[in-house]
Amino acid sequence: MKVIRKGVWCLLLLMLVAVATPGFAKIFYSKNEAMELAFGKNAQVEQLSLFPDEQEAAKIEQLSRSKLESGLYTFYVGKEQDKLLGYAAIETGTVRTKPETLMIVLTPDGAVSNIVTLAFHEPPEYQPPERWHEQLKNRPLPEQDFNKGVQGISGATLSTRAALDKVRRVLAVYEVMIKDKSKD
């Protein structure tokens, strides 16, 4: 009988600990807050839906060195009084077993100007700090690589790889689908 009581207490204690343990999921910014971070409070933001055809998709995959997850890519175009402020893309993907959402902001010329973590559902110690994202700013697509000067983070290898993949994909989509068309 004492063994059963002890087992019940252990089970109750385990359930209490499970309920009291905070989850790892962290959402930092809503979409509206993200657009304000990207372009400022007074900007007009337009949605640009891009549907790469087979040739464009193949070129994007070649440039980004990653598989496209979707046939639709949405870029947000920030403008103020008809002046182009830049582009933003919101990319979500699995890091280890849980999702991460980044907003990659590009200048009007297509250079990375900012990277903001909008949501991170892995344990916080796996999240790359903002200062890590700084090294990706203004770095051309061919140099967005660990073998070309991008520093990794011990203990956050999968997170940094996932972030780098997202940045390369956004730069490749810009290169193939926006860059030359924006000059028309």
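Residues numbered from 1 in each chain as written. Predicted model: local features only at pLDDT ≥ 70, side-chain atom pairs only at ≥ 80, totals over all residues. Heavy atoms only, no water.

### With respect to the environment of Pro 52
Now for step 1: By the element assignment, Pro 52 lies in the loop between β2 (44-50) and α3 (54-64).
Now for step 2: For the pair Pro 52 and Ser 70, spaced 18 residues apart in sequence, the C-alpha separation works out to 9.4 Å. (Helix = DSSP H or I, 4+ residues; strand = E, 2+ residues; numbered from the N terminus.)

### Some thoughts on the nonpolar core
Now for step 1: In terms of nonpolar packing, the biggest core is built from 29 residues, with Phe 75, Ile 104 and Leu 106 touching the most fellow members.
Now for step 2: Among the elements of the structure, α3, β3 (73-80), β4 (83-94), β5 (99-106), β6 (112-120) and α5 (157-182) are those that each provide at least two residues to this core.
Now for step 3: Here this core gets eleven residues from one element, more than from any other, and that element is α5.
Now for step 4: Residues in contact with Leu 106, not counting those within four places in the same chain, are Phe 75, Gly 86, Tyr 87, Ala 111, Val 112, Ser 113, Val 170, Leu 171 and Tyr 174.
Now for step 5: Counting eleven residues, the second largest nonpolar core, distinct from the first, contains Met 35, Phe 39, Ala 43 and Leu 118. (Core = buried A, V, L, I, M, F, W, Y, C linked by side-chain atoms within 4.5 Å. Buried < 20%, exposed > 50% of the residue type's maximum accessible area, 1.4 Å probe, protein only. Contact = heavy atoms within 4.5 Å.)

### Some details on the pattern of salt bridges
Now for step 1: Following the criterion strictly, the structure yields nine salt bridges and no others.
Now for step 2: Between Lys 67 and Glu 61 there is a salt bridge whose closest N-O contact spans 3.8 Å.
Now for step 3: Under the relative-accessibility criterion, Lys 67 is labelled exposed at 60%.
Now for step 4: Note that Lys 166 is salt-bridged to Glu 100, the shortest N-O span being 3.0 Å. With Lys 166 in helix α5 and Glu 100 in strand β5, this residue pair connects regions lying 66 residues apart in the sequence. We note that Lys 166, like Glu 100, is buried. (Salt bridge = Lys/Arg side-chain N within 4 Å of Asp/Glu carboxyl O.)

### Let's talk about helix α2 (residues 31-39)
Structural remark: α-helix, 3.6 residues per turn; residues separated by three or four positions point the same way.
Now for step 1: Taken together, the buried positions of α2 are occupied by Ala 34, Met 35, Ala 38 and Phe 39. Looking straight down α2, one finds that the buried residues subtend no more than 105 degrees of arc, so they occupy a single side.
Now for step 2: Within two residues after α2, Gly 40 carries a phi angle of roughly 95 degrees, on the positive side. (Arc of directions from axis to C-beta.)

### Quick word on the side chain of Arg 139
Now for step 1: With respect to the helices and strands, Arg 139 occurs in the loop between α4 (130-134) and α5.
Now for step 2: The exposure class assigned to Arg 139 is buried, which follows from its relative accessible area of 17%.
Now for step 3: The residues touching Arg 139, leaving out its near neighbours within four places in the chain, are Gln 144, Lys 148, Gly 149, Val 150 and Leu 171.

### Some details on α3
Now for step 1: Every buried residue of α3 is listed here: Glu 56, Ala 57, Ile 60 and Ser 64. Each buried residue of α3 lies within a common arc of 100 degrees when the element is viewed along its axis, so the set occupies one face. Among the exposed residues of α3, those pointing more than 90 degrees away from its buried face are Glu 54, Gln 55 and Gln 62.
Now for step 2: Its side-chain oxygen at 3.1 Å from the backbone nitrogen of Gln 55, Asp 53 defines the N-terminal cap of α3. (Polar contact = N/O pair within 3.5 Å; in protein donor to acceptor, adjacent residues only side chain to side chain.)

### A few points about a nonpolar patch on the surface
Now for step 1: Residues Phe 28, Tyr 29 and Leu 37 make up a contiguous nonpolar surface patch of roughly 250 Å² in combined accessible area.
Now for step 2: Along the polypeptide, Leu 37 turns up in helix α2. (Patch = residues over 30% accessible without salt bridge, like charges linked within 9 Å, V, L, I, M, F, W, Y side chains within 5 Å. Areas by Shrake-Rupley, 256 points an atom, 1.4 Å probe, with all protein chains shown as cover.)

### Considering unusual backbone geometry
Glycine aside, the phi torsion of most residues is negative, and most peptide linkages are trans.
Now for step 1: The backbone phi angle of Asp 82 is positive, close to 65 degrees, even though this residue is not glycine.
Now for step 2: Here Asp 82 is to be found in the loop between β3 and β4.

### A look at the confidence of the model for the protein chain
Now for step 1: Mean pLDDT over the protein chain: 80, with 83% of residues reaching 70 or higher.
Now for step 2: pLDDT under 50 marks residues 7-22. Its contacts with residues more than four places away, or in other chains, come to zero contacts. (pLDDT = per-residue confidence, 0-100.)

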